[in-house]
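Breakdown of the fold
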Amino acid sequence: MMTQLDYKNSSFQNTYAQILNWGSALGLICMLITFALYAFGILEPLVSFEKLPEYWSLPLSEYLEKSGAPAGWGWVENLSRGDYSNYIGIAILTSMTFVCYIGLFFDQIRQRKILITILVVIELVLFIVASSNLLFPVGH
Amino acid sequence: MRSKFTFLSLLLFLLIPGLVFAGGSDLDMPWWGWGIILFLTTFIIGLFGVLAGIGGGVLFVPLVSSFFPFHIDFVRGAGLLIALGSSLAAAPTLLKKDLASLKLAIPVALIASAFSIVGAMIGLWLSSVNPAFIQGSLGVLILMIVVIMLMAKSSIYPVVKEGDYLAGLLGLSGTYKEGATGKEVRWTVHRTAIGLFCFVLVGVLAGMFGLGAGWANVPILNLLMGAPLKIAVATSSFSLSITDTTAAWVYLNKGAVLPIIVVPSIMGIMAGANIGARILPRVKPTLIRKMVIIVLLLAGVRSILKAFGI
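Scope of this entry: the structure provided in the associated data block.

Here is what the cut-offs are and how they apply
- Residues numbered from 1 in each chain as written.
- Chains lettered and ligands numbered in written order.
- Predicted model: local features only at pLDDT ≥ 70, side-chain atom pairs only at ≥ 80, totals over all residues.
- Helix = DSSP H or I, 4+ residues; strand = E, 2+ residues; numbered from the N terminus.
- Contact = placed C-beta atoms within 7 Å.
- Rg over C-alpha atoms; globule rule 2.2 N^0.38 Å.
- Buried ≥ 20, exposed ≤ 12 C-beta atoms within 10 Å, placed from the backbone.
- Nonpolar A, V, L, I, M, F, W, Y, C, P; charged D, E, K, R; others polar.
- Axes fitted to C-alpha atoms, helices over the stretch in contact; angles between N-to-C directions.
- Parallel < 35°, antiparallel > 145°, perpendicular 65-115°, else oblique.
- Left-handed = near helix turned anticlockwise from the far one by under 90°.
- Core = buried A, V, L, I, M, F, W, Y, C linked by C-beta atoms within 7 Å.
- Expected span 1.5 Å × (residues − 1).
- Pairing = 2+ DSSP bridges.
- Bend = angle between axes of the 7 residues up to and from the residue.

For chain B, the count of helices and strands is 12 helices and 2 strands. When the helices and strands of chain B are read in sequence order from the N terminus, they spell out α-α-α-α-α-α-α-β-β-α-α-α-α-α. Taking the intrachain contacts of chain B between residues at least 6 apart in sequence as the baseline, contacts between residues at least 24 apart amount to 83%.

Shown next, in the form of C-alpha cells:
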C-alpha cells in the first residue's frame, strides 16, 4: 500500500530542471555563434563548402574516407575549423544529462536510496561507454 | 478563418518537400541553398509537430531522408540531435510544473538508453551493408506509426487502484496540479514490469532510426502503465533527453554528425515549435493531426520506394 509520502515528487526535480535550462541555453548560443563563424567563412572548414554537396550523399564510411573528416574524438583536435567548431555546442547539449545525473547521484546517496542510486550509476556508465568510443572504436 | 489557415498550412507543408522532390537530389543548388530549405522545412515540421502533438524527429527523418540529397546516416544523426534539442528545450518547464516525473523517467530512460546504443549500432551496421535495408525498414516503421496514430486511444485519468510491487519499490508515483481546476492529482502506475520491458523495443527503434519515440512512449506510459495522460506526454518528452543522449554520442563518435544539416534543423524546428505553441489555441488539432498522418503516410511510402531504387 502506498503511503502519503510516496506521492511526493523527487526533491531533485527542480535543481535538475535548472541545470538543464542553463545548459541547453548555453549549448544553443554556442551553436549559433559557431555556425555563424562557419557559414560566413570566418573560420576555415576542414571539409570545404565546394566539396560538401559531393560528400553528404555518400555512406558514412565513404564520406570519412574521401573527405578526411575525423571520427571518434578526432573532432576535438579540429575545433579551430569552422565545421568542427559547431561540435562545441553539440557536445554541450549531449552532455547536459550527464551533468544532471552526477547531481542526481549525490542527491540519491544523501537520501540513502540505494536502488535508485544503482540505476543512476548504471545510466552514468552507459553515458561514459557511449561517449568514450571504447566499446565500438572507430579508427581514423 | 480556420479553414483558410488549415488549407494554407497544408499547402505550405507539402510545398517545400514537394519542390525538393520535384527537383530531385541532383538539383544544382549551392550548399547554403540546401541549408535555407532545410531550415524552412524543419520550421514547418516543428510547427506541425507541436500542433499535432508529436515530436519533430518522427517527421524529420522520413521526410528529410526521402526528399533531400543527404545520406540517411547523416539524417539519422541529425534526427537524434533534433529530438534531443526539442526535449532539452521543453524539459525544464515540464519538470518545474511536476508534469514530467524524474522518478518515472529514471527506470524508463535507463532501459531505453541502454537499448538505443544497441539500436544505433545495428542501424549503422545495416546501413554499411546496404543503405536500402535501413531506408526500407524506416518506411515500414513509419507506416506502422501511422497505424498506431490512427488506432491509439488515450485515457486522461486511467484507473490505477494500487501501484504494483515494482512501482512501489522504484517509487513510481507523484502529484501534479491540474492547470484548469487547480486540483491536486495523485498518480501511480501498474503493470510496471511489462511496461518497462516495452522500452527495450522503443530504445532499439530510437537508436536505429534516429527517431524521437514519443509515439510509442505515450501509449505505453498512459494505456499500459496507467500514468495520467499529462504525466505520460511530459515524461515521454523529458525521457527523450536521456535516451537520445547515449545514441547521439554513438553517431557523434562514428562521425555521422554534419553541422550543415544539424544546426539549421535544430534552429528551424525550435523556431517552428515556438510559433506552433503560440497558435495552438486557434487551430483544430484533429485536422492538423490528420494532415500529419497523410504526410507521414507519403513519407513512409516514399522511403520504401527509395529503398527499391524507384
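Helix and strand counts for chain A stand at 7 helices and 0 strands. What you see in chain A, going N to C, is helices and strands ordered as α-α-α-α-α-α-α. In summary, chain A has a C-alpha radius of gyration of 20 Å against a globular reference of 14 Å for 140 residues, an excess of more than 25%. Principal-axis analysis of the C-alpha atoms places the extent of chain A at approximately 65 × 30 × 25 Å. Out of the 140 residues belonging to chain A, those deemed buried represent 34%. Sequence separation of at least 24 residues holds for 65% of the intrachain contacts in chain A that already meet a minimum separation of 6.

Before going further, it helps to spend a moment on the interface of chain A and chain B. At the interface, 51 residues of chain A touch 61 residues of chain B. Elements supplying a minimum of two residues to the side of chain A that touches chain B: α1 (13-39), α2 (52-55), α3 (60-67), α6 (87-110) and α7 (114-132) of chain A. Among the residues forming the side of chain A that touches chain B, the class breakdown is 34 nonpolar, 14 polar and 3 charged.

This paragraph deals with the packing of helix α3 (residues 57-67) of chain B against helix α6 (residues 131-151) of chain B. Residues and elements named next belong to chain B. It is the contact of α3 with α6, at a shortest axis distance of 11 Å, that shows an interaxial angle of 135°. Classed by the angle they form, the pair α3 and α6 counts as oblique. By crossing handedness, the relation of α3 to α6 is classed as left-handed. Taken together, the residues of α6 that come into contact with α3 (itself represented by Val 58, Val 61, Pro 62 and Ser 65) are Gln 135, Leu 138, Ile 142 and Ile 145. Residue composition of the contact of α3 with α6, grouped by class: 6 nonpolar, 2 polar and no charged.

What follows deals with the nonpolar core. A:Tyr16, B:Leu81, B:Ala91, B:Ala105, B:Tyr251, B:Val262 and B:Ile266 are the most contacted members of the largest nonpolar core, which has 140 residues in total. Of the residues forming this core, the biggest block, 15 residues, is contributed by helix α4 (residues 72-96) of chain B. Not counting residues within four places of it along the chain, the set of residues in contact with B:Ile266 comprises A:Met31, B:Leu81, B:Ile82 and B:Gly85.

Turning our eyes to something else, we now look at helix α8 (residues 192-209) of chain B. Residues and elements named next belong to chain B. For α8, spanning 18 residues, the distance from its first C-alpha to its last is 26 Å, which sits close to the expected 26 Å at 1.5 Å a residue. Burial runs high along α8: 13 of the 18 residues are buried. Gly 210 sits one or two residues past α8 and shows a positive phi near 70°.

Counting through the fold element by element, B:Ile242 comes out in helix α10 (residues 229-254). Note: C-alpha distance between B:Ile242 and B:Ser87 (155 residues apart in sequence) is 9.1 Å. When near neighbours in sequence (up to four residues on either side) are disregarded, B:Ile242 contacts A:Thr97, B:Ala105, B:Ala109 and B:Ser113.

Turning to the packing of helix α5 (residues 102-129) of chain B against α8(B), a few remarks are in order. All names here are of chain B. At a minimum axis distance of 6 Å, the contact between α5 and α8 shows a crossing angle of 40°. Relative to α8, α5 is oriented oblique. Crossing hand, α5 versus α8: right-handed. Looking at the contact of α5 with α8 residue by residue, the classes come out as 19 nonpolar, 6 polar and no charged.

All names here are of chain B. Pairing geometry for strand β1 (residues 173-177) and strand β2 (residues 184-188), over 5 bridges, is antiparallel. Opposite Thr 175, over in β2, you have Arg 186 as the bridge partner. A loop of 6 residues connects β1 with β2, the two strands running antiparallel in sequence, and Gly 182 in this loop sits at a positive phi of about 75°.

Turning our attention to α5(B). Residue and element names in this part refer to chain B. Between its first and last C-alpha atoms α5 spans 39 Å; for 28 residues at 1.5 Å apiece the expected length is 40 Å, and the two agree. The largest bend along α5 measures about 30° and falls at Ala 109. Among the 28 residues in α5, 21 count as buried, and that is most of the element.

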